[in-house]
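# A closer look at the structure
The lines below spell out each chain.
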Amino acid sequence: MDEDGAQTTDTQTDGAQTADTRIVDTEIADTNGLYIDGEWVPPVKGSHFETVDPATEEPIAEVAAATAEDVDRAVAAARDAFEAWRDTDPEERGRIVNRIGELVRDQCEELAVVESSDQGKPLSQAKSDMQGAARYFEYYAGAADKLEGTSVPVGAGQVDFTVREPYGVSAQITPWNFPGNLFARGVAPALVAGNTVVLKPAEQTPLSSLRLAELCAEAGVPDGVVNVVTGFGDPAGSALSSHADIDTITFTGSVPTGQTIMKQAADTVTPVTLELGGKNPAVVFPDADLEAAAQWIDRAIFTNAGQVCSAADRVVVHESVHDELVDRLIARADAYELGPGLDDPDMGPLASRDQFEKVSQYVELGKREGATLVTGGSAPDRQGYFFEPTIFTDVAPDTRIAHEEIFGPVLAVTSFETEQEALEIANGVEYGLVSGVFTADVTRAHRVARELEAGNVYVNMWFGDTNQTPFGGYKQSGIGREKGMEALDSYLQTKNIAINLDDDAGSLPGA
Ligand code: ADP
């Protein structure tokens, strides 16, 4: 998350106007378009769907609804483009990917307006997402010519070394919470490693991915190397993830969809990288700076209206400071101003009607389960999928709102007496994406960080991961790592090459 992203500037307002017009253009120009093999093509079956501004519930663009035939076409284009892209000099691949980053940075304001209109998030958050997207391209561009293998010392009779090769066609399926940013998170490492890509954005938020595909082409990405098929999970998503001619899958989304994809991938033994949900605990000890903890937790649960895999969905707080922390959190939650993303409010609407209904149902469930609703809990009386910042206390660890990912601005607070109990509550869920610990005791910080079952642990902060740091889940929160150099492992396979230098017949298998 980018602190600078919170500033509103005149330039942003200008950007909003320019890109507002652009959205109208998009509505006209992109109506027919799937982006396949370097051109806009209409879907084979000719069907389209509307993408809606969640602040107004009004359609903002018509988008092609891809079917299996379109996915076949996109995968074939990516397959045809693969060899030439793989064999492009790494420094040239890096140069092109860096150029994408420059274009994304240059057009950050416009992309942010598209994202904010389609997804609902405040403009400054959308802008921060796009700066992050640019950064992914810049970061991975530098790695293109450094994907080195190793030389293995096996003795005088043989030369042995490894090379790291791309898989081939990378299928990428993205969710609706950070569509543009996650496009870059997957596409940038895939490209520098020499793979070609077919990406399906979520049906709720397709627009930024279409625009980013155009920028890839503008930067010099050859035809067929990046393809975007818009459409629904079924048929477009499942046609892509079960396609016999893809070589690796990157998926970010819900656990059930991740499980479906993994089962399909088993048929063709296709590797998967899955970034799934979280039910992330912020564990607050009595010696923590409570004002700082409240500030971090507030940001961690209410950014993007809580629709963040790594949101702080749960607070696990020592009973001695429970009331003081909760009072501070309530004061912050009550200060939020809600509004359309383009007005850059504190919080925008939820991204879709489905998500609004899901969040509303979880809040009703929380009440029935006996948790105490201390603030929020309803939708303001206005158009759009808005939901108030909501806090439950007395959340029993065995209830559903303590276990299940709500993906909305709903915080569940539970108190503890001992460190052991805090860890049991924090780790007592099937998820393990991120966790946080707030304490002034450095020894305890280290001890608890080691015990927390999560791919990322934040100490006295939240959203501590950057483009450079590996990110991914323990337990049902996923497989593999995004971000950082480690993400390249999802896009490269190792080949070991052994060259004989001896006349000798050599060793037997297993030696
Ligand atoms: P949500 O339920 O919150 O929309 P999903 O995990 O279902 O989350 O969606 C994330 C992405 O997965 C979206 O792009 C969606 O279209 C896609 N998707 C949904 N179902 C499938 C499926 N069966 N196979 C492949 N992709 C799917």
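Heads up: these notes are all about the structure in this document. Predicted model, so just to flag it, every value in this text is computed and none were measured.

What follows concerns the overall build of the protein. Within the protein, the secondary structure is distributed over 15 helices and 21 strands. Against the compact-globule benchmark of 24 Å for 511 residues, the protein has a radius of gyration of 24 Å, which places it among compact chains. C-alpha extents for the protein along the principal axes are approximately 75 × 60 × 40 Å. Looking at the protein residue by residue over its 511 residues, the buried ones come to 56%. Here the contacts in the protein between residues at least 6 apart in sequence split such that 74% fall between residues at least 24 apart. With the model as given, the accessible surface of the protein reaches about 20,100 Å², and the carbon-plus-sulfur share is 47%. Charged side chains of the protein number 36 positive and 85 negative; the gap between the two group centres comes to 2 Å.

This next bit is on the pattern of salt bridges. Pairing of side chains with opposite charge becomes possible as their charged atoms draw close. Scanning the entire structure with this criterion turns up 31 salt bridges. For the salt bridge of Arg 79 with Asp 247, the shortest nitrogen-to-oxygen distance reads 2.6 Å. One end of the pair, Arg 79, is in helix H2 (residues 68-86); the other, Asp 247, is in the loop between helix H8 (233-241) and strand E9 (248-252), and 168 residues separate them in sequence. The class for Asp 247 is partly exposed, based on a relative accessible area of 22%. Asp 465 serves as the salt-bridge partner of Lys 483, at 2.9 Å between the closest nitrogen and oxygen. Here Lys 483 is found in the loop between strand E20 (478-479) and strand E21 (492-500), whereas its partner Asp 465 is found in the loop between strand E18 (456-459) and strand E19 (474-475), with 18 residues between them in sequence. The same class applies to Lys 483 as to Asp 465, namely buried. Among the charged side chains, a network of salt bridges with common partners joins Glu 291, Asp 298, Glu 324, Arg 328 and Arg 332.

Now for the packing of helix H14 (residues 419-427) against helix H15 (residues 442-451). In the contact formed by H14 and H15, the axes pass within 10 Å of each other and the chain directions differ by 35 degrees. In this structure, H14 crosses over H15, and the sense of that crossing is right-handed. Counting all contacts with H14, which are made through Glu 419, Leu 423 and Asn 427, the residues of H15 involved are Arg 444, Arg 447, Val 448 and Glu 451. The residue makeup of the contact of H14 with H15, split by class, is two nonpolar, one polar and four charged.

Before going further, it helps to examine the site of the ligand. Taken together, 19 residues lie around the ligand, and Thr 174, Lys 200, Glu 203, Ser 254 and Thr 257 are the ones closest in. At 3.2 Å, a side-chain N or O of Trp 176 approaches an oxygen atom of the ligand. Relative to its unbound accessible area of 550 Å², the ligand is 79% covered by the protein chains. A majority-of-atoms criterion places the ligand in the largest pocket. At the level of elements, H8, E9 and helix H9 (255-268) are the ones that each hand at least two residues to the shell around the ligand. Residues of the shell around the ligand, tallied by class, amount to seven nonpolar, ten polar and two charged.

Right, let's get into the sheet that holds strand E12 (residues 312-318). Strand order in this open sheet of seven strands is E13-E14-E15-E12-E11-E17-E18, and the pairing throughout is mixed. Each of the sheet's edge strands pairs with one partner strand only, and the pair in question is strand E13 (372-375) and E18. Direction aside, neighbouring strands of the sheet carry axes that sit 25 degrees apart on average. Bridging between strand E17 (residues 434-438) and E18 involves four bridges; their strand directions are parallel. Among the inter-strand pairings, Ser 435 is bridged to a residue of E18, identified as Val 457. Contacts from helix H12 (residues 353-368) reach E13, strand E14 (390-393) and strand E15 (410-416), with the element oriented near 25 degrees to E14. Contacting strand E11 (280-284), E12 and E15, H14 crosses the sheet at an angle of about 150 degrees to E15.

Turning next to the packing of helix H5 (residues 123-141) against helix H6 (residues 179-192). Between H5 and H6, whose axes approach to 8 Å, the crossing angle comes to 5 degrees. Here H5 lies roughly parallel to H6, going by the angle between them. Where H5 abuts H6, its residues Asp 129, Met 130, Gly 132, Ala 133, Tyr 136, Phe 137, Tyr 140 and Ala 141 lie against Gly 180, Asn 181, Phe 183, Ala 184, Arg 185, Val 187, Ala 188, Pro 189 and Val 192. In terms of residue class, the contact of H5 with H6 is built from twelve nonpolar, three polar and two charged.

Scoring rules and cut-offs
Residues numbered from 1 in each chain as written. Predicted model: local features only at pLDDT ≥ 70, side-chain atom pairs only at ≥ 80, totals over all residues. Heavy atoms only, no water. Helix = DSSP H or I, 4+ residues; strand = E, 2+ residues; numbered from the N terminus. Rg over C-alpha atoms; globule rule 2.2 N^0.38 Å. Buried < 20%, exposed > 50% of the residue type's maximum accessible area, 1.4 Å probe, protein only. Contact = heavy atoms within 4.5 Å. Areas by Shrake-Rupley, 256 points an atom, 1.4 Å probe, with all protein chains shown as cover. Lys, Arg positive; Asp, Glu negative; His and termini not counted. Charge placed at Lys NZ, Arg CZ, Asp CG, Glu CD. Salt bridge = Lys/Arg side-chain N within 4 Å of Asp/Glu carboxyl O. Axes fitted to C-alpha atoms, helices over the stretch in contact; angles between N-to-C directions. Left-handed = near helix turned anticlockwise from the far one by under 90°. Nonpolar A, V, L, I, M, F, W, Y, C, P; charged D, E, K, R; others polar. Near = heavy atom within 4 Å. Polar contact = N/O pair within 3.5 Å; in protein donor to acceptor, adjacent residues only side chain to side chain. 1 Å grid on protein atoms, 1.4 Å probe; cavity = no way out; pocket = protein on both sides within 12 Å on 5 of 7 lines; lining within 4 Å. Sits in = over half its atoms within 2 Å of the grid points. Pairing = 2+ DSSP bridges. Parallel < 35°, antiparallel > 145°, perpendicular 65-115°, else oblique.

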